Amino acid sequence: MDLKDAIYSRRATRAFTADAVDEKTLRALIDAAIQAPSAVNAQPWAFCVIRDKTLLAKISQQAKAYMVRNTPLGLVSHHFDQILRDAEFDILYRAPALIVICTTAAIPWAVEDCALAAENLMLAACAVGFGTCWIGFAQGWLGTAEGKAALGLPEAYLPIAPIVVGRPKAPMPAVPRKEAEIRWIGS
Ligand SMILES: Cc1cc2nc3c(=O)[nH]c(=O)nc-3n(C[C@H](O)[C@H](O)[C@H](O)COP(=O)(O)O)c2cc1C
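Engineer: I keep staring at the side chain of S38 and nothing clicks. Help me out?
Structural biologist: Along the chain, the position of S38 falls in the loop between α2 (23-33) and β1 (45-50). Within polar-contact distance, the side chain of S38 engages the backbone nitrogen of Q43 at 3.0 Å. Apart from the residues within four sequence positions on either side, S38 is in contact with Q43, P44, W45 and D113.

Given below as structure tokens:
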């Protein structure tokens, strides 16, 4: 798959087969991620790969409870509030693997650097037939002392991009894009 196909066909994947993601694939995705640019080439990222089902279930439960406790009323839609309170809803969509991209230092642009690494990773996964979804819902709890301890992260690290990875159960429909707002200045 060429780059343009990956850019245009990548979709947030929310249903996965039970197939495990092998280590070689995960390493290749992380290798693509670290080709991203980073400010002053600091490369302030680390990757935590979780395939342990018990821990994945714990992350989902804790992250949902954290969101319910900490999201100000009105900021989350009724639909999101309902699913976050649903004991059956797995915010990680029963994906076989979760890669959490973390900043390793509180330096300028570290968050942007990790976001760029995340997009590389998601495009690279798409190019080899894997689905991904950035799970913003998981970020809050993973960034707590308890969440970091669950991942064995050093205190200075901060989870930025929790990304589930797996084989898509079915092709995901495209989500329409708004027209780009472009302000031309000069010609
Ligand atoms: C920062 C960020 C956080 C996101 N958090 C979630 C999430 O918690 N759960 C989810 O199902 N999708 C999440 N998504 C996926 C978006 O909903 C999805 O990318 C968007 O609807 C566009 O669809 P597409 O990725 O298929 O183009 C997140 C995406 C980004 C970039």
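Engineer: When you look at unusual backbone geometry in this model, what are you seeing that I'm missing?
Structural biologist: Most peptide bonds adopt trans geometry, and most residues besides glycine take a negative phi value. The backbone of V40 sits at a positive phi, close to 45°, despite the residue not being glycine. Within the chain, Y93 stands out as a residue other than glycine whose phi angle is a positive 55°.

Engineer: In this structure, what is going on with the nonpolar core? I would like to understand it.
Structural biologist: Nonpolar side chains tend to gather and get buried jointly when the protein is soluble and globular. I50, I59, I91, I135 and L151 are the most contacted members of the largest nonpolar core, which has 27 residues in total. Listing elements by their share of this core, those giving two or more residues are β1, α3 (53-70), α4 (78-84), β2 (97-103) and α6 (136-142). Looking at this core element by element, the count peaks at five residues for α3. Setting aside its immediate chain neighbours within four residues, I59 contacts I50, L92, L98, W141, L142 and L151. Among the nonpolar cores identified, the runner-up in size contains 22 residues, and I30, A118, A125 and F130 belong to it.

Engineer: Is there a simple way to explain the state of the cysteines in this structure?
Structural biologist: Such a bond, covalent and formed between the sulfur atoms of two cysteines, is termed a disulfide. Scanning the model with the defined rule gives zero disulfides in all. C48 carries a free sulfur, and the closest cysteine sulfur to it, the one in C102, is 6.2 Å from it.

Engineer: In this structure, what is going on with the site of the ligand? I would like to understand it.
Structural biologist: In the vicinity of the ligand, the contacting residues are R10, R11, A12, R14, Y93, C133, W134, I135, G136, F137, V175 and R177. At 3.0 Å, a backbone N or O of F137 approaches an oxygen atom of the ligand. Coverage of the ligand by the protein amounts to 65% of the 620 Å² it exposes when considered alone. Counting only elements with at least two residues in the shell around the ligand, the list comes to β3 (131-134) and α6. Taken together, the residues that form the shell around the ligand break down as seven nonpolar, one polar and four charged.

Engineer: What's the story with the pattern of salt bridges in this structure? I'm lost.
Structural biologist: One side chain can pair with another of opposite charge once the charged atoms of both are near each other. Following the criterion strictly, the structure yields three salt bridges and no others. The salt bridge partner of E23 is R27, with a shortest N-O separation of 2.9 Å. Separated by four residues within a single helix, E23 and R27 lie in helix α2, roughly one turn from each other. Residue R27 is classed as exposed on the basis of its relative accessible area of 57%. R183 is paired through a salt bridge with E181; the nearest N and O atoms lie 2.6 Å apart. For E181, a relative accessible area of 63% gives the class exposed.

Engineer: It is not clear to me how the sheet that holds β1 should be interpreted in this structure. Could you clarify?
Structural biologist: An order of β1-β2-β4-β3 is seen for the four strands of this open sheet, with the pairing classed as antiparallel. A strand with exactly one partner marks an edge of an open sheet, and here the two such strands are β1 and β3. Mean inter-strand twist for the sheet, computed between neighbouring axes without regard to direction, equals 25°. With six bridges connecting them, β1 and β2 associate as antiparallel partners.

The rules behind each value
- Residues numbered from 1 in each chain as written.
- Predicted model: local features only at pLDDT ≥ 70, side-chain atom pairs only at ≥ 80, totals over all residues.
- Heavy atoms only, no water.
- Helix = DSSP H or I, 4+ residues; strand = E, 2+ residues; numbered from the N terminus.
- Polar contact = N/O pair within 3.5 Å; in protein donor to acceptor, adjacent residues only side chain to side chain.
- Contact = heavy atoms within 4.5 Å.
- Core = buried A, V, L, I, M, F, W, Y, C linked by side-chain atoms within 4.5 Å.
- Buried < 20%, exposed > 50% of the residue type's maximum accessible area, 1.4 Å probe, protein only.
- Disulfide = S-S within 2.5 Å.
- Near = heavy atom within 4 Å.
- Areas by Shrake-Rupley, 256 points an atom, 1.4 Å probe, with all protein chains shown as cover.
- Nonpolar A, V, L, I, M, F, W, Y, C, P; charged D, E, K, R; others polar.
- Salt bridge = Lys/Arg side-chain N within 4 Å of Asp/Glu carboxyl O.
- Pairing = 2+ DSSP bridges.
- Axes fitted to C-alpha atoms, helices over the stretch in contact; angles between N-to-C directions.

Everything listed here is a matter of coordinates, which is why it stays silent on function.
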